[in-house]
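# Remarks on the overall topology
Residues per chain are reported as follows:
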Amino acid sequence: MANEDVKVGRQAEEDKGALGDSRPGTIKFLTGLGAAAHALRMADIDVASSYPIRPYTGVMMMLSMMAARGELDLEFVHGEGEHGQLGIAHGASSAGARAMTGSSGVGVVYAMEVYSPISGGRCPVQMVIADRTLDPPGDFGSEHTDALSTRDQGWMLGWAHTPQEVFDNTLMYYRIGEDPRVYLPQMNCQDGYFISHIPQRVVVPTQEEVNSFLPPLEFPDALDPLNPLGHGPQIFPGQGHVLEATRVNAMMGTFPVIDEVVNDFNKRFGTSYDPFVEQYKCSDAEYVIFISGGHAFTGKFAVDHMREKGMKIGLVRTRWVRPWPTDYLADILSKFKAIGVVETNNSFGAARQCGILTLEVATTLYQCDNKPVLTAFMAGLGGEVIRLDEFYYMGDVLKDAAAKGSTERTAYWIGFHNV
Amino acid sequence: MTTLLEEQVQAKVDLPLLANIHQAVELDEYYVMGHRTCAGCGPALSYRLACKAAGPNSIFLGPTGCMYVANTSYLCVPWAVPWMHTQITDAGAVVSGISAAYEARIRKGKYKGTFPNIYVFAGDGGSSDIGIQAASAMMYRDHDAIFICYDNECYSNTGIQTSAQTPYGAWTTFTPPGPKIPEAKKLFPKDFARGMIALHPAMQYAAAASISYPVDYMNKVRKAANIHGAALVHVHAICPKGWGLRANQVLLCGKLAVETGTFHLFEYENGEYTYQYQPKAFKPVTEYLKIQDRFAHLKPEHHQKIQEFINQGLKRCGIKIPVEAV
Amino acid sequence: MIEITVWCTGVIQDKEGRDVCLVLTEAAFNEGKFTQAFDNYVDLPDRINVQVRKYARISDTVIENVFEYENHKPNIIGVTEATIMKGINVCYGIQPGSVLVINTTKDPEELLKYVPAKQKKNLKAVATIDALGIAPEQLIDYSGSEGAEDASAIGGGLGAAMAGAIAAVSGLVKKESVLAAAANRTAAKRGYDEVKIKQL
Amino acid sequence: MKTRFKKYTVEIPEEMAIPFAGIVESPKPNGEQPMMLTGGWRIYRPVIDSEKCVMCKSCVLACPDATVLLVDGGNKIGFNLDYCKGCGLCTWVCPVNAIDRVPELDFEDGVPFQDALFLLPHVEALYAD
């Protein structure tokens, strides 16, 4: 999995953002899973809880290998299923440990009961998700519906689009989630196969640099006989809204923390992440592809090629789905004439029969004076590759929409409508 | 991978066994007065005795059940030791996580205290029914923790519904008797403790106890706590509301359960079972059934069927004590 | 709208307390009123001996606040076990002109000492009835408190006597309506006839 | 930070605040949980005849609520009547029948008097005149 390490200094050439930033460190060729595992090792996690399901499993393989080799002092606990996995992480985090777990596809939804207790208990667990299509039938391909179906459970939820970003997100997410202003669990998502299984160049910083960025977890109310507390007694129906409001405040309180942490990361590691939303060639764009996750990698090349043909297209990639960066996106998106949301998920019977992201984008734009034409591209479902020519098709639809001020469809199904 | 490091084992002090009731009474209370359990609640008594036996270096986990809902209504807890709610499904998993967290944090120098005794206090539903997967996994993984199943033979918090431990012939709100189903519950219950022992051959200690024999029960909790690894205590915790008893009949009912051979007091250590209650003869089960309203609808043939089930159980366990004629 | 709050002990009188409300609302419904009878949801699940509350609302017009968990401003208080009054201000929130009906063998005056002065001034009458003496068999039935239909008849015992007594004291519903609504007609009748009333 | 995000947060009045994640303080060992007084549940009060009592302490261990106490320097049995629910298990377990059950209403004192079972500030307002 990991190739020969190549020690390099600061890279002279400026790579495309899509290929990872130039920065000091050791270059490894890592899959998204490998990148996550190395970042978790450097985060000195205390407890990992595992259960196998393709495609996320590799991260657990690497962690168990690291534990066996003594590279990471880890309690590696094999769960009895994803539900148990999350329970283990819940317990470990409540007892003050830095805990991680992970899953894919049906595994993510099998654990559904436990997400809310973890976020409501304000346990900063991190979960590595490599997306997989939900059954039926069995399908290993990536689709974001698994992780997105947990979006209402109080977890932070974001996607990376390169193994490098997976690595960096792992560290950033822990620092954000463990911030005393936040204390929330995080879902660190990557597309199955596309990100999880294809090795790419990842710059790995030194342990000292990571240590200085990510201090050890100090959970204030950990289960400890020296400081007895009761976690999670029943409340009155009349108190429910108070607790819910504190959870909302915690989630909304992440914005300044994300801003701070990502900027600090950029400063320390020589990266240039936007805390919330990546804008690719958007400064003079009239219409944009809105996307989350791994397909942005191809999307950026497609935008380059369409730009070469004179199209005024750009790409907007949200790094977060929860919290949804409403105001940032409203500012960014409202200035365009047309927006096409690449869904990579499905919500059967949703408004306009689009996916989940279009609903969020539409709500975001509703408060804006300028309302761009909005359409959904149902693409990448079941793990289908989104190819360059399919992005070109989307570009054509958007160009047309920008000119006409409308689209024929509320949702275009890539694979049918572009034929 | 999950065994304790040598130095932690040395740091952990074993809880001494109690010689008599006077020693038990002397122990501090860690489950204090001020909780919304029934007057005469058997599970509450089992909780109190377990906390008393456990002492201060303890963490208790309360999966959803009567002992969660009744004890913590509302926004207050009666435990003087750390306590945490878990889902009814995953107490075994959460306790594993806590145990693993302490293993790692102590090993890495992130926690300065000694390894705590971590107890799950799960109802029969949270143990043998919906919670069995996590319970089994915790014992299989041999985490240093104690799983206490307080068995009140029904889901009592939700208004008395059948669980996998509800006995044959018992009324519950999901197994009411009627002309078509005169015996109410038709299924025989699981044998949770022995099942767990059979399923986890590496388990070092398991015991079955009753609140009607408090010192015996407290010693079993202490023995379980002293084991380095997973241990199980199954305690018969009579539910006056669910079983149709007067509040002051709870301890009598627990005694009769043992004296009729309905519930066995045993310990499992080093691969061997020992039985604590060895009478000249067991009483007929009718004595146990007739004081409980949940069996009021049963006819003699049902009593006979239950007696046969009990006799078979005694035989299966190798107990060669006769039963008095009905 | 008339709000009725009945205090009873958990499990032992849970069904009886609910029956008081159900019999009265059934009687009022048959007289053409709008009614609602419900348990205190926050008291759930009831525990042996815990104080629990059962509610009824009877109105000449449509009841709009059906979702309110509690009767905050009751007009009629029933107490199926007199000892409850020692620990709880059962009359908390009562409106002027309210009545208090208690199941006990004692005289009304004896129980008044458990009503604080602030609430006492709002009481029009206090009454006692030996409901347990009239119907010693108390039914235990958990179906009703969990939102199912009661598995046994409504107003089969103590609750019928209490309902009869409340009807007599308050004049809320007619005697024959209460008798018709209760499964145990005799108990309801005796409750109506044997109640000891002290006008304040 | 950009202050505009404040509009998505909820201002919770101080009197309605709930501890972080609903995590509450534990009571002290041998103490009590005063938020759940249960003495008012009691219909029959346990009364001990110290002459009969042989101090076997069975009753102390039999109480689910830990309300049977050693008093008088550990030489006598007493009860915490603020919390005793009156279940009668102490009476049942006593081998010498030293604990009687007397109707609670026969006594003037011994039960804490509360306005309501559970009263939250914003619910209390609904009861106000």
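In this text the structure is predicted, and so the values were computed from the model without any measurement. (Residues numbered from 1 in each chain as written. Chains lettered and ligands numbered in written order. Predicted model: local features only at pLDDT ≥ 70, side-chain atom pairs only at ≥ 80, totals over all residues. Heavy atoms only, no water.)

### What about the interface of chain A and chain B?
Residue-level contacts link 42 residues of chain A with 45 residues of chain B. Buried surface at the junction of chain A and chain B, both sides included, amounts to about 3,500 Å², of which 60% is carbon and sulfur. When the shortest N-O distance is used, the salt bridge between E80(A) and R141(B) registers 2.9 Å. Our count for the contact surface shared by chain A and chain B stands at 23 residue pairs in polar contact (both at pLDDT 80 or more). Where the side of chain A that touches chain B is concerned, the elements lending two or more residues are β4 (75-78), α3 (82-94), α5 (112-120) and β10 (229-231) of chain A. Here the element with the most residues in the side of chain A that touches chain B is α3(A); it accounts for eight residues. Class assignment for the residues of the side of chain A that touches chain B results in 20 nonpolar, 15 polar and seven charged. (Contact = heavy atoms within 4.5 Å. Buried area = accessible area lost by both parts, 1.4 Å probe. Salt bridge = Lys/Arg side-chain N within 4 Å of Asp/Glu carboxyl O. Polar contact = N/O pair within 3.5 Å; in protein donor to acceptor, adjacent residues only side chain to side chain. Helix = DSSP H or I, 4+ residues; strand = E, 2+ residues; numbered from the N terminus. Nonpolar A, V, L, I, M, F, W, Y, C, P; charged D, E, K, R; others polar.)

### A closer look at the sheet that holds strand β5 (residues 99-103) of chain A
Read across the open sheet, the six strands follow the order β4-β3-β5-β6-β8-β7 (chain A); overall the sheet is parallel. Looking along the sheet, the strands with just one partner apiece sit at the ends: β4 and β7 (156-159) of chain A. Across this sheet, the average inter-strand angle for adjacent strands is 20°, counted without regard to direction. The strands touched by helix α5 (residues 91-107) of chain B are β3 (47-50) and β4 of chain A; relative to β4(A), the strand with the most contacts, the crossing angle is about 165°. (Pairing = 2+ DSSP bridges. Axes fitted to C-alpha atoms, helices over the stretch in contact; angles between N-to-C directions.)

### Quick look at the pattern of salt bridges
Inspection of the entire model under this criterion finds 55 salt bridges over all chains. Between R48(B) and E29(B) there is a salt bridge, with its nearest N and O atoms 2.7 Å apart. In this pair, R48(B) sits in helix α3 (residues 42-54) while E29(B) sits in the loop between α2 (21-26) and α3, placing the two residues 19 residues apart along the sequence. Summarising the burial analysis for this pair, R48(B) and E29(B) share the class buried. A salt bridge links K196(C) to D107(C), with the shortest nitrogen-to-oxygen separation between them at 3.2 Å. Taken together, the positions of K196(C) in strand β7 (residues 196-199) and D107(C) in the loop between β5 (98-103) and α3 (108-112) put the pair 89 residues apart, joining distant regions of the chain. The partly exposed category is assigned to K196(C), whose relative accessible area is 35%. (Buried < 20%, exposed > 50% of the residue type's maximum accessible area, 1.4 Å probe, protein only.)

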